[in-house]
Each structure stands twice: as C-alpha cells, then as structure tokens.
Amino acid sequence: MTSSQVLIVDDEQGSGELVKRKLQDLNNCSVCLETSSESAKSRIFDEGFDVVVSDFDMDGLNGLKLFEAVKSQDLSFILFTGKGSEKIASRAISAGVTDYIRKGGSEQLERLVNRVSKALNKRSVEKELTRQKNRLESKNVLLEDFHRITNLDAGFDEKVEKLLNAGLDFFGLDTGILSRIEGNDYRIEFIEGSDIGVGVGDVLDLEDTFCQTIVKSNNPVYFNREYSSAIEEHPAY
C-alpha cells in the first residue's frame, strides 16, 4: 500500500518537530516538516501531499495565504495555530480549510492527530473510489472497443489483431497470443506485441504453458500476484 504523505508547516522548529513525532505514530504515514511557508508551497505543488498541517502566524505567507495559494491541489488543509482568534477561525472555515485547531497542550495535540487520521482515511476512501471509477470506465471503453471491432467490415485476421492490441492496452501487457489447443499441443495462431522467442505456427507442449492451468480448471483463472501464487514455480514464469 502506498504511504500517505503529510506536510507540517511551522516556522518554529521545536513546535513542528513535536507535531511530526506525534503524527509519525499513525500507520502507513510519511510525515515531513517545512519551516518556510514559501518552500512549503513549492513542495506541495511538487510532491502531492495528502494532508497539510500549517501554523497561521509565520514569516512570508501566513497559514491562510498558504492555503489560498495551494487550495487548487487535491489535499486536506488543517490550520494548527497558537495565535488564532474567532475571527481567524471564521475566515479559515469560510475559505474552505478542512479544520482549524488551536494549539494548547496534549489534549489539543491529540485532537490534531485524530483529525489528521480522519482526513487520511477519508482521502484513502476517495482515492479507492476514484480508482474503481477509472477502472470501470476503462472496462466500458474496452467493451465498446470489442463491440466495435467484432462488428467491423474486416477480415478475421484484422479483427484478431485489433482485439489483441486492445487487450494489451487495457491490461498493460507486452505480448498477446491467440492459440489453438488440440490435445496436448499448444499452437500459436496469432501474436501481437514484444518478441518473446516464439512465433506464429510454433507448437508447444501444453504443460509448458500457463494455459494448462486454465484448461485443467475449466473455468476462468485470475492471478493477482503470480510471484506469490502456485504458478511461481511453473517453467513458463
């Protein structure tokens, strides 16, 4: 799983280090500290942080101005300051910051940790939903491609070539093969993509191919991590 990234922005090194140590207790979380708000702005655009925890009263950009500068980025932004006021809190919430927390002892620090944890969990769910949405859209595009290709006014060979290449694009593979299996013979009929040392017309022993697993199961077979599955020991791997 990819680690979430949190950036702390505080021009008081000691205060920033204290927050960093607390947030490093969160699981699967990489925490960075930046004492310059101007440098922090550059890092946010360059490194794509999930959550930014910023002080308000700093040299250069204050916390609100930093938020205004980076709010176009896909992130959660929490103001954690010791010199705030109700007016600043109102401005912050109106501007769209994720949360506003006053510094003030261990209780407020724990509140910050809890809020950052919730923000990271929320972003993790959002990322997964986006990933699933993109995957579904890709599947729909693939199905549309399959429908379009199979209905082309074209010969069988051309359709197979296009179908194999569509599969390569979707799965991110280097090579696609259409084969005919007769008994224990695995005959390559079509091949698209990178050279893998075999060619059209070659006949292999079915037992020396991954396809023997599918033939024996008589059902679709999917390997999520082939290097940690039974086929790791297969000669074709």
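This text gives an overview of the structure that appears in the document. (Residues numbered from 1 in each chain as written. Predicted model: local features only at pLDDT ≥ 70, side-chain atom pairs only at ≥ 80, totals over all residues. Heavy atoms only, no water.)

1. What about the environment of Asp55?
Going by this rule: Elements are defined by DSSP. Helices are runs of H or I of four residues or more, strands are runs of E of two residues or more, and each kind is numbered from the N terminus. Remark: exposure states derive from per-residue accessible area (1.4 Å probe, protein chains only) relative to the maximum for the residue type, with buried under 20%, exposed over 50%, and partly exposed in between. Should any heavy atoms of two residues lie within 4.5 Å, those residues are counted as being in contact. Polar contact criterion, stated in full: a pair of N or O atoms within 3.5 Å, where within protein one must be able to donate a hydrogen and the other to accept it, and residues adjacent in sequence count only if both atoms are side-chain atoms.
Among the structural elements, Asp55 can be located in the loop between strand E3 (51-54) and helix H3 (63-70). Accessibility expressed as a relative area gives 6% for Asp55, which makes it buried. Excluding residues within four positions of it along the chain, Asp55 makes contact with Val9, Asp10, Asp11, Gly63, Leu79, Phe80, Thr81, Gly82 and Lys103. At 3.2 Å, the side chain of Asp55 forms a polar contact with the side chain of Thr81.

2. Examining a negative patch on the surface
Filter applied, for reference: Only residues whose relative accessible area exceeds 30% and that take part in no salt bridge are eligible for patches, with like-charged residues grouped when within 9 Å of each other and nonpolar side chains (Val, Leu, Ile, Met, Phe, Trp, Tyr) grouped when within 5 Å. Per-residue and other accessible areas were derived by the Shrake-Rupley procedure at a 1.4 Å probe size, with only the shown protein chains allowed to occlude residues. Think of a salt bridge as a Lys or Arg side-chain nitrogen and an Asp or Glu carboxyl oxygen that are within 4 Å of each other. Positive: Lys, Arg. Negative: Asp, Glu. His and the chain ends are not part of the count. Throughout, a charge is located at the NZ atom of Lys, the CZ atom of Arg, the CG atom of Asp or the CD atom of Glu.
On the surface, a cluster of negative charge is made up of Glu182, Asp185, Asp205 and Asp208. Mapped onto the secondary structure, Asp185 falls in strand E7 (residues 185-193).

3. Topic: the environment of Leu168
Note that Leu168 resides in helix H6 (residues 156-171). Among the residues examined, Leu168 registers a relative accessible area of 9% and is labelled buried. Spatially, the C-alpha atoms of Leu168 and Glu192 are 8.6 Å apart, while their sequence positions differ by 24 residues. The contacts of Leu168, once residues within four sequence positions are left out, are Leu173, Asp174, Thr175, Gly176, Glu192 and Gly193.

4. Considering the sheet that holds strand E6 (residues 175-182)
Our working rule: By the convention used here, strands pair only if DSSP detects at least 2 bridges between them. Geometry is summarised by axes, namely lines fitted to C-alpha atoms with helices restricted to the contacting stretch, and by angles between N-to-C directions that run from 0 to 180 degrees.
A sheet is described by the order of its strands in space; here 3 strands give the open sequence E6-E7-E8, paired in antiparallel fashion. For this open sheet the edge positions go to E6 and strand E8 (203-205), each flanked by a neighbour on one side alone. Here the average twist between neighbouring strands, direction ignored, is 40°. With 3 bridges joining them, E7 and E8 adopt antiparallel strand pairing. Paired with Arg187 across the two strands is Val203, which belongs to E8. Where H6 meets the sheet, its contacts fall on E6 and E7, and the angle it forms with E7 comes to roughly 75°.

5. Looking at the packing of helix H2 (residues 37-47) against H3
Heads up, the rule is: Here roughly perpendicular refers to angles of 65 to 115 degrees, roughly parallel to angles under 35, roughly antiparallel to angles over 145, and oblique to all remaining angles. In a left-handed crossing the near helix is turned counterclockwise from the far helix by less than a right angle, and in a right-handed crossing that turn is clockwise. Nonpolar residues are Ala, Val, Leu, Ile, Met, Phe, Trp, Tyr, Cys and Pro. Charged residues are Asp, Glu, Lys and Arg, and all others, Gly as well, are polar.
Viewed as axis vectors pointing N to C, H2 and H3 meet at an angle of 25°, and their least axial separation amounts to 10 Å. Classified by the interaxial angle, the pair formed by H2 and H3 is roughly parallel. Crossing angle aside, the handedness with which H2 passes H3 is right-handed. Residues Ser37, Lys41, Ile44 and Phe45 of H2 touch H3, and the partners they reach there are Leu66, Ala69 and Val70. When grouped by side-chain class, the residues that make up the contact of H2 with H3 number 5 nonpolar, 1 polar and 1 charged.

6. A few points about the side chain of Gln108
Assignment of secondary structure puts Gln108 in helix H5 (residues 106-150). With residues near it in sequence (within four places) discarded, Gln108 still touches Phe80, Ile101, Arg102 and Lys103.

7. What about the sheet that holds strand E4 (residues 76-81)?
The strands making up a sheet associate through backbone hydrogen bonding, with each pair oriented either parallel or antiparallel. One open sheet accounts for 5 strands, arranged E2-E1-E3-E4-E5; its pairing is parallel. Since the sheet does not close on itself, it has two edges, and those belong to strand E2 (29-34) and strand E5 (99-102), each with one partner. Averaged over all pairs of adjacent strands, the angle between their axes in this sheet comes to 20°, without regard to strand direction. Note: strand E1 (residues 4-9) against E3, 4 bridges, orientation parallel. Within E3, the position partnered with Leu7 by the bridge is Val52. Each of E1, E2, E3 and E4 is contacted by helix H1 (residues 13-23), which is oriented at about 180° to E2, the strand it contacts most.

8. What to know about H3
Inclusion rule: In this description, one arc is meant: the one made by directions from the helix axis to the C-beta atoms.
Where H3 is concerned, the buried positions are Gly63, Leu64, Leu66, Phe67 and Val70. Each buried residue of H3 lies within a common arc of 160° when the element is viewed along its axis, so the set occupies one face. The backbone nitrogen of Leu64 lies 3.0 Å from a side-chain oxygen of the residue at the head of H3, namely Asn62.

9. A look at the pattern of salt bridges
Throughout the structure, instances matching the rule amount to 15 salt bridges. Salt bridges sharing partners connect three or more residues here, namely Asp50, Asp74, Arg123 and Lys127.

10. A short note on unusual backbone geometry
Across the chain, the bulk of peptide bonds are trans and the bulk of non-glycine residues have phi less than zero. The phi torsion at Asn28 lies on the positive side, around 55°, for a residue other than glycine. Along the chain, Asn28 turns up in the loop between H1 and E2.

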